[in-house]
Amino acid sequence: MIDTLLATRPTQRPRSTAIRSPCATPFSRAHWQTTCAAILATTTTTNAKAYGAPRVNGDTIKPALSDHAAQPLDLDLLPVSNLPRPLTITDLSPAPMHGSQLRVAYQGVPGAYSEAAAAKAYPSCDAIPCDQFEVAFQAVELWIADRAVLPVENSLGGSIHRNYDLLLRHRLHIVGEVQLPVHHCLLALPGVRRDLLTRVISHPQALAQCELTLNAMGLNVAREAFDDTAAAAEHVAAAGLRDTAAIASSRAAELYGLQVLADGIQDDAGNVTRFVMLAREPIIPRTDRPFKTSIVFAHDREGTSVLFKVLSAFAFRDISLTKIESRPHRHRPIRLVDDANVGTAKHFEYMFYIDFQASMAEVRAQNALSEIQEFTSFLRVLGSYPMDMT
């Protein structure tokens, strides 16, 4: 085979007659100009009879490097301003990660706490209000927004179950979290006195978080639920309701021209809501700062042994859990069993959501999930992201 290859190789040109590369010896500037002039002269002579004198955008020009008789050459070039702009590194860079020019979706209207959370997570972002949590998810999926900032739990009201269900239904990734202190205010139209109020409206959780304070203020009036806090303030202002107050933020008062009748009316001064930041693509986990990882899993076995094994996988590796939440399985909410695993006894099937303090870049976290995967029927990592340490 080697002999065959050697026999079929082209005969090497003798060294004395080998073709020399144009770059074998450096050109002087004069040599380069002479070569260009020769090429231009040849081109001009070849096209002399067909094209005549050179023309650029309709204007006749005289060749700069030619002593030969020239004929017209019509180039009809496009104006420089109409030429496409070359791509730069900025055009190929990913979307900025810290708010500059980012479009961030949130649920509610301007003045909502979610808008404040979006501004804290991505300063100087372009905040996009959405009327429902589902719409915020879809805005990111359809590239209308780059991120979404949505609440998942409150220190007083607990988990926002709707968003946990949507996290499982959609394929967005958690890329960060932000904690926002909630500071409720009682808002009314200018000139309205507290003793004239007959109704207080706000989001159900806001009403619950201010119940004791409202009673202590002597406001034993009707309380009605509204879609969100800022929307309640907007409704009072738009409808000119002088017998109704809204529980919302001080920013909502500024936006809708309301006065603050009472400031800081939440029952607990430590009222905090945790929001997650969602994106189409996950971020690369790191180990140079505290990270948190969120997962969801399900199992198809009876009893509590599977949950015990999951918790043991974390405990064995000294991984701290920050949250565990169970939700009924949407596609299999009820299982019919009896002592022999058949019959009519009804048991709920659950999905389990867990947050733990470790990055997926850590070997201990990878090993824990590998072990969990062995005895669960479903496991999904919702995101591994930096913890909010504020």
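The rules behind these values
- Residues numbered from 1 in each chain as written.
- Predicted model: local features only at pLDDT ≥ 70, side-chain atom pairs only at ≥ 80, totals over all residues.
- Heavy atoms only, no water.
- Helix = DSSP H or I, 4+ residues; strand = E, 2+ residues; numbered from the N terminus.
- Buried < 20%, exposed > 50% of the residue type's maximum accessible area, 1.4 Å probe, protein only.
- Contact = heavy atoms within 4.5 Å.
- Polar contact = N/O pair within 3.5 Å; in protein donor to acceptor, adjacent residues only side chain to side chain.
- pLDDT = per-residue confidence, 0-100.
- Core = buried A, V, L, I, M, F, W, Y, C linked by side-chain atoms within 4.5 Å.
- Expected span 1.5 Å × (residues − 1).
- Arc of directions from axis to C-beta.
- Patch = residues over 30% accessible without salt bridge, like charges linked within 9 Å, V, L, I, M, F, W, Y side chains within 5 Å.
- Areas by Shrake-Rupley, 256 points an atom, 1.4 Å probe, with all protein chains shown as cover.
- Salt bridge = Lys/Arg side-chain N within 4 Å of Asp/Glu carboxyl O.
- Axes fitted to C-alpha atoms, helices over the stretch in contact; angles between N-to-C directions.
- Parallel < 35°, antiparallel > 145°, perpendicular 65-115°, else oblique.
- Left-handed = near helix turned anticlockwise from the far one by under 90°.
- Nonpolar A, V, L, I, M, F, W, Y, C, P; charged D, E, K, R; others polar.
- Pairing = 2+ DSSP bridges.
- 1 Å grid on protein atoms, 1.4 Å probe; cavity = no way out; pocket = protein on both sides within 12 Å on 5 of 7 lines; lining within 4 Å.
- Points joined across faces, edges and corners; volume = space filled by probe spheres on them.
- Phe/Tyr/Trp six-rings, centres within 6.5 Å; stacked < 30°, edge-to-face > 60°.
- Lys NZ or Arg CZ within 6 Å of the ring centre and 35° of its normal.

Concerning the environment of Tyr353
So, step 1. In this fold, Tyr353 is placed in strand E19 (residues 350-356).
So, step 2. For Tyr353, a relative accessible area of 3% translates into the label buried.
So, step 3. Contact partners of Tyr353, with chain neighbours within four places excluded, come to Tyr164, Asp165, Leu168, Ile295, Val296, Lys323, Ile324, Glu325, Arg327 and Leu382.
So, step 4. At a separation of 2.8 Å, a polar atom in the side chain of Tyr353 contacts the main-chain carbonyl oxygen of Tyr164.

Some remarks on the confidence of the model for the protein
So, step 1. Confidence in the prediction for the protein averages 79 pLDDT; 68% of positions are at 70 or higher.
So, step 2. Contacts of residues 1-25 to residues separated by more than four positions or lying in other chains number 4 contacts, the stretch itself having pLDDT below 50.
So, step 3. pLDDT under 50 marks residues 86-96. Its contacts with residues more than four places away, or in other chains, come to 6 contacts.

A closer look at the nonpolar core
So, step 1. Counting 34 residues, the largest nonpolar core has Leu186, Leu187, Ala233, Ile247 and Leu258 as the members making the most contacts within it.
So, step 2. Top contributing element to this core by residue count: helix H10 (residues 229-239), with 5 residues.
So, step 3. Ala233 has contacts with Leu187, Ala246, Ala248, Ala252, Tyr256 and Leu258, leaving out every residue within four places of it along the chain.
So, step 4. Counting 25 residues, the second-largest nonpolar core is a separate cluster that includes Ala145, Leu167, Ile174 and Ala298.

Focus: helix H13 (residues 363-374)
So, step 1. Helix length check: H13, at 12 residues, gives a terminal C-alpha distance of 17 Å against a target of 16 Å (1.5 Å per residue), a fit within 8%.
So, step 2. Inspection of H13 places Ala365, Ala368, Leu369 and Ile372 among the buried residues, and these make up the whole buried set. One side of H13 holds all its buried residues, which, seen down the axis, span an arc of 95 degrees. Turned more than 90 degrees away from the buried face of H13, the exposed residues are Val363 and Glu374.
So, step 3. Contacts made by the buried residues of H13 are with strand E15 (291-298), helix H12 (305-316), E19 and strand E20 (378-386).

Overview of the environment of Ala117
So, step 1. Its location among the elements puts Ala117 in helix H5 (residues 113-121).
So, step 2. Expressed as a C-alpha distance, the spacing of Ala117 and Val149, which sit 32 residues apart in the sequence, is 7.1 Å.
So, step 3. Those residues within four positions of Ala117 in sequence are excluded, and the remaining contacts are Val149, Val178, Leu180 and Phe275.

Examining unusual backbone geometry
So, step 1. Of note in this structure, Trp143 is not a glycine but carries a positive phi near 65 degrees.
So, step 2. Examined against the element boundaries, Trp143 turns out to sit in the loop between helix H6 (133-141) and strand E6 (147-154).
So, step 3. Note on Trp143: relative accessible area 58%, which makes it exposed.
So, step 4. Notably, Asp318 is not glycine yet its phi reads approximately 60 degrees, a positive angle.
So, step 5. Within the secondary structure layout, Asp318 lies in the loop between H12 and strand E16 (321-328).

Considerations on a nonpolar patch on the surface
So, step 1. Residues Leu311, Leu321 and Ile324 make up a contiguous nonpolar surface patch of about 220 Å² in total accessible area.
So, step 2. Its location among the elements puts Ile324 in strand E16.

Section: the packing of H12 against H13
So, step 1. Their axes nearest at 9 Å, the elements H12 and H13 cross at an angle of 165 degrees. Considered as vectors, H12 and H13 are oriented roughly antiparallel to each other. Seen along the crossing, H12 lies across H13 with a hand that is right-handed. In this structure, H12 contributes Val310, Ala313 and Phe314 to the contact, and H13 contributes Ala368, Leu369, Glu371 and Ile372.
So, step 2. Considered class by class, the residues forming the contact of H12 with H13 number 6 nonpolar, no polar and 1 charged.

Some thoughts on the sheet that holds strand E10 (residues 199-202)
So, step 1. Strand order in this open sheet of 5 strands is E11-E10-E12-E9-E13, and the pairing throughout is mixed. The sheet terminates laterally at strand E11 (222-225) and strand E13 (259-263), the two strands that pair on one side only. On average, each strand axis in the sheet is inclined to that of its neighbour by 30 degrees, with strand direction left out of account.
So, step 2. Here E10 pairs with strand E12 (residues 244-248) via 3 bridges, running parallel.

What to know about empty space enclosed by the protein
So, step 1. For the structure on display, the rule yields 1 cavity of 30 Å³ or more.
So, step 2. Estimates place the volume of the largest cavity at around 50 Å³.
So, step 3. Broken down by secondary-structure element, the contributors of at least two residues to the lining of the largest cavity are helix H7 (161-169), strand E14 (272-279) and E19.
So, step 4. For the lining of the largest cavity, a count of residues per class yields 7 nonpolar, 1 polar and 2 charged.

Quick look at the packing of aromatic side chains
So, step 1. Evaluation of the coordinates by the stated rule reveals 4 aromatic pairs.
So, step 2. Taken together, a centroid distance of 6.5 Å and an interplanar angle of 50 degrees make the contact between Tyr350 and Phe352 tilted.
So, step 3. Its relative accessible area of 11% is what places Phe352 among the buried residues.
So, step 4. Members of the aromatic cluster, joined through ring pairs, are Phe297, Tyr350 and Phe352.
So, step 5. Stacked on the ring of Trp143, the Lys or Arg Arg280 has its end atom at 3.6 Å from the ring centre.
So, step 6. Across the ring face of Phe375, the terminal group of Lys309 is positioned such that the distance to the ring centre comes to 5.8 Å.

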